[in-house]
Amino acid sequence: MNIIGKKNNHQKFFRKDLIVLDKNVAEFSVERLQNCSIFEALKILHYKRKYGTDFYHLYWRDIFNKSPKYLQKITVCDRWKICVPIENIIADYLVRKEINFADDWIYVGCHDWSGYRIIVGCGPAIVLSRFIPKNITQELECTKLYLKRLHINSPQIFSTIDEIEDAKLLDIDEILNSAEQNDNIKPIFQKKCNLLRYFSWIIIFILTAMVLCNSYEIYNQDYSPKNLNNKIKTEDFSVYMSSKNYDSLMNLLTKLNDYLNWNKISEFCKKNGVKIQALKLNGNVAKIKTKISLKKIKGLKNVKVNYVTNSSYEKLGSDQIVEAVLWLKLN
């Protein structure tokens, strides 16, 4: 790792392809994209890169509208674009080990190769970066006042210096060592935003979510009789389908469909207004359990009637509704 500092250059660890820029040559700013979908954010990024002269990079975590999205702007000369800004290394370390993606933070450091400096960020994005004189406490308080204009009121504070109050102490060597072992640490200027790749991943995610959702609903389908969606109903009869009676019920319906006299039963029920409660086929006789008026029973021809109970229903009036079993000959 070769560190290009404000005071001098510095060699550290073993990774030769990693050049770290810790020099006052880059300007940072960030725009929070509020209530913005990932599609809109990528569209904004596209036009910023198309018509702007600075470098832009979009930080985002997922495709949901409420997820924070940061549009990072960096102004730097082309000669430094082969380097990894130390600001990005510190932000990456904090997001992975110390803070959440949406947290605001301040880093106060003293680096042997560059001196005292303050870096402010929100999640992985850099809000500002500046070198400071030795009056660290005063500079930190001035920075906090300035950040209030940017609506950053309660940032978490980290430092490599012992005398900073309310700051969590970090080790710059540990941060740099973590970066050297992370193959994803590369110059941010080489990270091109491929819109087609992003949209492809989003479409794959949506389709996968739809398949999993449908599979979950099918797996958790309630087959109880209370679920009206499992009720098969026609004008003549109705049945409830459950996981227990599915096989036998489908077998019965298949046989009924092939039964030559099924149409005769159906025509009989439609003609006489009979609603089937239960049906039993015995040879050439169909036994139909139903509720029917005595008046209709008297109008039935060539049908044997058995009452469900032994009560004398005839005495109750001709319009009395009774439960009966109708014996219908099919030949």
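All of the points below concern the structure found in this document. (Residues numbered from 1 in each chain as written. Predicted model: local features only at pLDDT ≥ 70, side-chain atom pairs only at ≥ 80, totals over all residues. Heavy atoms only, no water.)

**Observations regarding unusual backbone geometry**
So, step 1. Here Asp 166, not a glycine, exhibits a phi torsion of approximately 60 degrees, which is positive.
So, step 2. One non-glycine residue with positive phi stands out, namely Asn 302, at about 60 degrees.
So, step 3. For Asn 302, the location among the structural elements is in the loop between helix H8 (294-299) and strand S17 (303-307).
So, step 4. Asn 302 sits in the exposed class, given a relative accessible area of 74%. (Helix = DSSP H or I, 4+ residues; strand = E, 2+ residues; numbered from the N terminus. Buried < 20%, exposed > 50% of the residue type's maximum accessible area, 1.4 Å probe, protein only.)

**Some thoughts on the packing of aromatic side chains**
So, step 1. Evaluation of the coordinates by the stated rule reveals three aromatic pairs.
So, step 2. A centroid spacing of 5.0 Å and a plane angle of 65 degrees characterise the contact between Phe 55 and Phe 189, whose relative ring orientation is edge-to-face. Of this pair, Phe 55 sits in strand S5 (residues 55-60) while Phe 189 sits in the loop between helix H4 (172-180) and helix H5 (195-219); the two residues are 134 residues apart in sequence, bridging distant segments of the chain. The pair Phe 55 / Phe 189 is uniform in exposure class, with both members buried.
So, step 3. Its guanidinium or amino end placed over the ring of Phe 131, Arg 117 lies 4.4 Å from that ring's centre, counting from NZ or CZ.
So, step 4. One residue, Lys 304, lies across the ring of Trp 327, its end atom 4.4 Å from the ring centre. (Phe/Tyr/Trp six-rings, centres within 6.5 Å; stacked < 30°, edge-to-face > 60°. Lys NZ or Arg CZ within 6 Å of the ring centre and 35° of its normal.)

**A short note on the packing of helix H2 (residues 86-97) against H4**
So, step 1. Relative to each other, H2 and H4 sit at 90 degrees, their axes nearing to 10 Å. On the basis of their axis angle, the class for H2 and H4 is roughly perpendicular. From H2, Ile 86, Ile 89, Ile 90, Tyr 93, Arg 96 and Lys 97 reach across to H4, where they touch Ile 172, Glu 174, Ile 175, Leu 176, Ser 178 and Ala 179.
So, step 2. Considering only residue class, the contact of H2 with H4 consists of eight nonpolar, one polar and three charged. (Axes fitted to C-alpha atoms, helices over the stretch in contact; angles between N-to-C directions. Parallel < 35°, antiparallel > 145°, perpendicular 65-115°, else oblique. Contact = heavy atoms within 4.5 Å. Nonpolar A, V, L, I, M, F, W, Y, C, P; charged D, E, K, R; others polar.)

**Digging into the sheet that holds S5**
So, step 1. Spatial ordering of the open sheet is given by S4-S6-S5, a layout of three strands whose pairing is antiparallel. Across the chains shown, the open sheet's two edge strands, defined by having one partner strand only, are strand S4 (27-32) and S5. Across the sheet, the mean angle from the axis of one strand to that of its neighbour is 20 degrees, orientation sign disregarded.
So, step 2. Both S5 and strand S6 (residues 69-75) contribute to a ladder of six bridges, which runs antiparallel. (Pairing = 2+ DSSP bridges.)

**A word on the pattern of salt bridges**
So, step 1. Under the definition given, this model contains 11 salt bridges.
So, step 2. Here Lys 12 makes a salt bridge to Asp 173, at a shortest N to O gap of 3.0 Å. Residue Lys 12 is located in the loop between strand S2 (9-11) and strand S3 (19-22), and its partner Asp 173 is located in helix H4; the two are separated by 161 residues in the primary sequence.
So, step 3. Accessibility expressed as a relative area gives 16% for Lys 12, which makes it buried.
So, step 4. You can call Asp 173 partly exposed: its relative accessible area is 33%. (Salt bridge = Lys/Arg side-chain N within 4 Å of Asp/Glu carboxyl O.)

**Notes on the pairing of strand S11 (residues 156-159)**
So, step 1. In the sheet, strand S8 (residues 104-111) pairs with S11 via four bridges, with the strands oriented parallel. Paired with Trp 105 across the two strands is Gln 156, which belongs to S11.
So, step 2. Bridging between S11 and strand S12 (residues 168-169) involves two bridges; their strand directions are parallel. Looking at S12, one finds that Ser 159 is bridged to Leu 169.

**A few points about H4**
So, step 1. Taken together, the buried positions of H4 are occupied by Ile 172, Ile 175, Leu 176, Ser 178, Ala 179 and Glu 180.
So, step 2. Along its buried surface, H4 packs onto strand S1 (2-5), H2 and S8.
So, step 3. For H4, the capping residue at the N-terminal end is Asp 171, with a side-chain oxygen 3.0 Å from the backbone nitrogen of Asp 173. (Polar contact = N/O pair within 3.5 Å; in protein donor to acceptor, adjacent residues only side chain to side chain.)

**Side note on empty space enclosed by the protein**
So, step 1. All told, the structure shown has one cavity of 30 Å³ or more when counted by the stated rule.
So, step 2. If you trace the largest cavity, you find it lined by Lys 23, Asn 24, Ala 26, Glu 87, Arg 117, Ser 129, Arg 130 and Phe 131.
So, step 3. Ranked by residues supplied to the lining of the largest cavity, first place goes to strand S10 (residues 125-131) with three residues.
So, step 4. By residue class, the composition of the lining of the largest cavity is two nonpolar, two polar and four charged. (1 Å grid on protein atoms, 1.4 Å probe; cavity = no way out; pocket = protein on both sides within 12 Å on 5 of 7 lines; lining within 4 Å. Points joined across faces, edges and corners; volume = space filled by probe spheres on them.)

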